[in-house]
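Structure at a glance
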Amino acid sequence: MSRFHLIAPSGYCINQDAAQRGIQRLLESGHSVTNQTIIPRRQQRFAGTEAQRLADINDLVKLEGANNIVLAVRGGYGASRLLETIDWDGLATRQQHDPLLICGHSDFTVIQLGLLARHNVITFSGPMLAANFGAPELDAFTQAHFWRALQNPVLQIAWQGNGPQCECEGQLWGGNLAMLVSLIGTPWLPNINNGILVLEDINEHPFRVERMLLQLMHAGILSRQRAIVLGSFSGATPNDYDAGYTLESMMDYLRSRVNIPVIGGLAFGHEQQTVTLPLGAQAVLKHDGAVSELTISGHPVIKA
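Below is a summary of the structure that appears in this document. Quick caveat, the model's predicted, so the values are computed rather than measured.

As for its placement among the helices and strands, His145 is situated in helix H6 (residues 140-151). Discounting chain neighbours no more than four positions away, the residues touching His145 are Ile157, Thr274, Val275 and Thr276.

It is worth spelling out the pattern of salt bridges at this point. Two side chains of opposite charge can pair, provided their charged atoms sit close to one another. Counting across every chain of the model gives six salt bridges. Among the ionic pairs, Arg81 bridges to Glu50, the shortest N-O distance being 3.4 Å. One end of the pair, Arg81, is in the loop between strand S3 (68-72) and helix H3 (88-95); the other, Glu50, is in helix H2 (residues 50-58), and 31 residues separate them in sequence. Look at Arg81 and you get partly exposed, because its relative accessible area is 39%. On the basis of relative accessible area, Glu50 is assigned to the partly exposed category, the value being 32%.

Sheets are built from strands paired through backbone hydrogen bonds, the pairs being either parallel or antiparallel. Taken in spatial order, the seven strands line up as S6-S13-S12-S7-S8-S9-S10 in an open sheet, and their pairing is mixed. Edge positions in the open sheet fall to strand S6 (154-159) and strand S10 (262-263), since each of these has one partner strand only. The pairing of strand S7 (residues 166-176) with strand S12 (residues 282-287) spans six bridges and is antiparallel. Within the sheet, the bridge partner assigned to Glu169 lies in S12 and is Val284.

Our next topic: the nonpolar core. Buried together is how nonpolar side chains tend to be arranged in soluble globular proteins. Core analysis: the largest hydrophobic core is formed by 54 residues, its most contacted members being Ile86, Trp173, Leu177, Leu199 and Leu216. For this core, the leading source of residues is helix H8 (residues 206-218), giving six residues. Among all residues touching Leu216, those that are not within four sequence positions of it are Leu177, Leu180, Val181, Ile184, Leu197, Leu199, Ile221 and Leu222. Core analysis: the next-biggest nonpolar cluster, separate from the first, contains 47 residues, Leu26, Phe133, Trp159 and Leu294 among them.

On inspection of all chains with the given rule, the structure shows six aromatic pairs. Between the aromatic rings of Phe4 and Phe146, the centroid separation amounts to 6.3 Å while the plane-to-plane angle is 25°, which identifies the pairing as stacked. A residue pair is termed long-range when its members are at least 10 positions apart, and Phe4 in strand S1 (residues 3-7) and Phe146 in helix H6 qualify at 142 residues. By the burial criterion, Phe4 is buried, and Phe146 matches it. Taking the centre distance of 5.0 Å and the plane angle of 75° together, the rings of Phe146 and Trp147 count as edge-to-face. For Trp147, a relative accessible area of 15% puts it in the buried group. Pairwise contacts between aromatic rings join Phe4, Phe133, Phe146 and Trp147 into one cluster.

Remark: H8 packs on helix H9 (residues 247-257), axes separated minimally by 9 Å, with the N-to-C direction vectors making an angle of 15°. One element, H8, and the other, H9, form an angle in the roughly parallel class. H8 and H9 meet at a crossing whose hand is right-handed. For the pair H8 and H9, the contacting residues are Pro206, Val209, Glu210, Leu213, Leu214, Met217 and His218 in the first and Leu247, Met250, Tyr253, Leu254 and Arg257 in the second. Of the residues contributing to the contact of H8 with H9, the split by class is nine nonpolar, one polar and two charged.

Here we come to H9. For H9, the set of buried residues is Leu247, Met250, Met251 and Leu254. Mapping the buried residues of H9 onto a view down its axis gives an arc of 100°, with all of them on the same face. When the buried face of H9 is taken as reference, the exposed residues oriented beyond 90 degrees from it are Glu248 and Ser256. For H9, the secondary structure elements touched by its buried residues are H8, strand S9 (225-234) and S10.

Cut-offs used in this document
What you see as residue numbers is a count from 1 along each chain, following the sequence as written. Owing to the predicted nature of the model, reporting of local features is limited to residues with pLDDT of at least 70; listing and counting of side-chain atom pairs is limited to 80 or more, with chain, interface and lining totals taken over all residues. Based on all heavy atoms of the structure, the side-chain values leave hydrogens and waters out of the count. Secondary structure is summarised from DSSP: a helix means a run of H or I of at least four residues, a strand means a run of E of at least two, and numbering begins at the N terminus for each. Any two residues whose heavy atoms approach within 4.5 Å at even a single point are treated as in contact. Every case where a carboxyl oxygen of Asp or Glu lies within 4 Å of a side-chain nitrogen of Lys or Arg is listed as a salt bridge. Only protein chains enter the area calculation, which uses a 1.4 Å probe; residues under 20% of their type maximum are buried, those over 50% are exposed, and those in between are partly exposed. In this description, strands pair whenever DSSP reports at least two bridges between them. The criterion is simple. A nonpolar core is a set of buried Ala, Val, Leu, Ile, Met, Phe, Trp, Tyr and Cys residues joined through side-chain atoms within 4.5 Å. Only the six-membered ring of Trp is used, alongside the rings of Phe and Tyr, when aromatic pairs are assigned; centres must lie within 6.5 Å, and planes under 30 degrees apart are stacked while those over 60 apart are edge-to-face, with the rest tilted. Simply put, an axis is a line fit to the C-alpha atoms, just over the touching stretch for a helix, and the angle between two N-to-C directions goes from 0 to 180 degrees. Note on terminology: angles under 35 degrees are roughly parallel, angles over 145 are roughly antiparallel, angles of 65 to 115 are roughly perpendicular, and the others are oblique. Here is the rule for handedness: rotate from the far helix to the near one, and if that takes an anticlockwise turn smaller than a right angle the crossing is left-handed, while a clockwise turn gives right-handed. Under the convention adopted here, Pro, Cys and the residues Ala, Val, Leu, Ile, Met, Phe, Trp and Tyr are nonpolar, Asp, Glu, Lys and Arg are charged, and Gly plus all remaining residues are polar. It is the directions from the helix axis to the C-beta atoms that the arc portrays.

What follows is the structure in structure tokens.
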């Protein structure tokens, strides 16, 4: 069984019951869960003071042992405040032996991208304690894909995608779209050429999604990729004013503006049903017009 070590670098966990439910599920499955005392921490909207939340990240340098799964409690906002004072060098050195299996998404994306930008450290974009492991019903798909990602040196994910036929390979990166865009022009955005960029978001109207994607395009980031894979965009419901402008029509427009394949339909993001992706690993993307497949390798896994 595995050891889960909790971190809370972002927002206060408003759903304390969900967090406790997540812990109970992990314990009942035979895992250990350390650093539980961080869950009720609160400073305004944040999961504790700046110093406390920074310590959650920097103390990982001293976390001993193999097969440690570092799990973010929740997202929200707050990780961006920590970027200047994170011990990037220390974390990278820690990852060179018995690498931590670091997992989270949403606001946590900025730390994941910072690790990738500064030292090419691979982390997992996937479920978090409260929203996923602590959901009223733990999604079997999400749980299965989490363990598949952390246990298999070669990870294969297939789905009923949409977009043009393609086959390409490159470094897999991305995560939450809004958080990625917030890093443009900073030292914490990876400078990746010929990558496969995977994006998701929540509560962003289709025109806001389009605007952020256009910002990536105008910044020259999209043209340097081999492909774009779009996950879920929860809460992107159009209104009467849109008059037929939807997430799908936004994707059609994006495809008309870029010269690389845009593949949609991946169950990835702020949904109960989500895959887990190792950001920074090597990936091969294939889409035959109906079925999409990612084959991913080079990421750390649980050692037997």
